[in-house]
Amino acid sequence: MKTNFLLLVMSIFSFLSCNGTQSTKAPINSFTYHYDGTIGGNSFTYSIKPDSAGHVFRAEMLEHMDYGEMSCPLDETFMENLRLVCEKHDIFRWNGYDKTNPHVCDGDGFSLDVEYEDGCSVDVHGMNMSPNGYWDFDKEMLALFKPVVDSLLEEGKQRQIAAGVSGPMTSIIMNFIQKGTSGSDSYEVFFLRREIRSGNFSVRIKSRSGEFFPVGEWNYYGDADDDKICWDAFADLVKKYDIIKWYDYDKAAEDYNNAEWFQLSCGFKNGHISAHGTEHPENYDAFRKDFLQLLRKVVDKSGIEPNK
């Protein structure tokens, strides 16, 4: 009888201490953080769940859905560091916070759910609103996860590179925009297979150097049959320069105001390649030269007259 009474008292004490604003020293059992980037944002979810060997981390990211499931084990050191970050910012003071700003149409939001091994838990939600001090915690918490997430992203990227692309090329977006001392030329290219949509041919050029096109501004837009776009020739360039290695490339040059910005997106029946930045990847100059020389031939072959 005394034992049952003692257990009841301990249970009541645990309930009161874990559902108020007090914290706990217990280890974290599970952790879920979701960031909602809403329109055009990179929504993602980080979750930690216990298993027989310890804890497993999983990341789901809207920007990298093609990577599939990304997961890895977490050691006790990481779990303790996460607990210390939560303790430092006293996340229990936000428990039960759930507010939305109805006057903001876009913006961003978050949710945080933490469960401890002693039964204590924290549940926090906000959409365009957050409790005092929350974003300081958010910054430090994400910095802790960053090396883990970066490692998983690199693994996912290498899997995609190994898988490669196959089948016919179906789309091309290719932009070269010079700035500052890099020059003043710009080339904006958008091609689609004819069966996908009309208006499948768009090339906008500002040629100051006259290197590939006559000096001036040129705008080519219209419908072009697939043989006029020379899809196989563009696909051969992608293969020749091993552009699959540019998969998800995103780097800025140190002096980005005086560097050419590029954007590439090549779609194939099976797979795609996307890359952009002002720091240029391997084979960039040779690929650029061959691409623009081929572009000149395609524009001339298309029969589409420019609109100045």
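Heads up: these notes are all about the structure in this document. In this text, all values refer to a predicted model and were calculated from it rather than measured experimentally.

## Describing the packing of helix α2 (residues 76-88) against helix α3 (residues 134-163)
Piece 1. Contact pair α2 / α3: the axes reach a minimum separation of 9 Å and the direction vectors enclose 170 degrees. On the basis of their axis angle, the class for α2 and α3 is roughly antiparallel. Between α2 and α3, the contacting residues are Phe-78, Asn-81, Leu-82, Val-85, Cys-86 and Lys-88 on the first element and Phe-137, Glu-140, Met-141, Leu-144, Phe-145 and Val-148 on the second.
Piece 2. Grouping the constituent residues of the contact of α2 with α3 by class yields nine nonpolar, one polar and two charged.

## Topic: the pattern of salt bridges
Piece 1. If you walk through the whole model with that rule in mind, you get 13 salt bridges.
Piece 2. Across the pair Glu-87 and Lys-25 runs a salt bridge whose closest N-O atoms are separated by 2.7 Å. You can see Glu-87 sitting in helix α2 and its partner Lys-25 sitting in the loop between α1 (2-18) and β1 (28-36), a full 62 residues away along the chain.
Piece 3. Look at Glu-87 and you get partly exposed, because its relative accessible area is 26%.
Piece 4. A residue is classified by how much of its surface remains accessible, and Lys-25, at 63% relative accessible area, is exposed.
Piece 5. Linked by salt bridges that have partners in common, Lys-25, Glu-80, Arg-83 and Glu-87 make up one network.

## A short note on unusual backbone geometry
Piece 1. Phi at Asn-128 takes a positive value of approximately 60 degrees, unusual for a residue other than glycine.
Piece 2. By secondary structure assignment, the location of Asn-128 is in the loop between β7 (121-127) and α3.
Piece 3. Positioned with a positive phi, Asn-283 is a non-glycine residue whose angle comes to about 70 degrees.
Piece 4. Here Asn-283 shows up in the loop between β14 (272-277) and α6 (284-302).

The rules we used
- Here the residue numbering is sequential within each chain, running from 1 through the sequence in written order.
- It should be noted that, the model being predicted, local features are given only for residues of pLDDT at least 70 and side-chain atom pairs only at 80 or more, the latter also being counted only at that level, while totals for whole chains, interfaces and linings use all residues.
- To get the side-chain values, all heavy atoms of the structure are used, and hydrogens and water are removed first.
- Inter-axis angles, ranging from 0 to 180 degrees, are taken between N-to-C directions of lines fitted to C-alpha atoms, where helices are fitted over the stretch in contact.
- The helix count covers DSSP runs of H or I at least four residues long, the strand count covers runs of E at least two residues long, and both are numbered beginning at the N terminus.
- Here the word oblique covers every angle except those under 35 degrees (roughly parallel), over 145 (roughly antiparallel) and from 65 to 115 (roughly perpendicular).
- By the convention used here, residues are in contact when the closest approach between their heavy atoms is within 4.5 Å.
- Throughout this entry, Asp, Glu, Lys and Arg are counted as charged residues, while Ala, Val, Leu, Ile, Met, Phe, Trp, Tyr, Cys and Pro are counted as nonpolar. The remaining residues, Gly among them, count as polar.
- Any Lys or Arg side-chain nitrogen found within 4 Å of a carboxyl oxygen on Asp or Glu counts as a salt bridge.
- Note on classification: 1.4 Å probe, protein chains only; a residue is buried when its accessible area is under 20% of the maximum for its type, exposed when over 50%, partly exposed between these limits.

The analysis is restricted to geometry; functional conclusions fall outside its scope.
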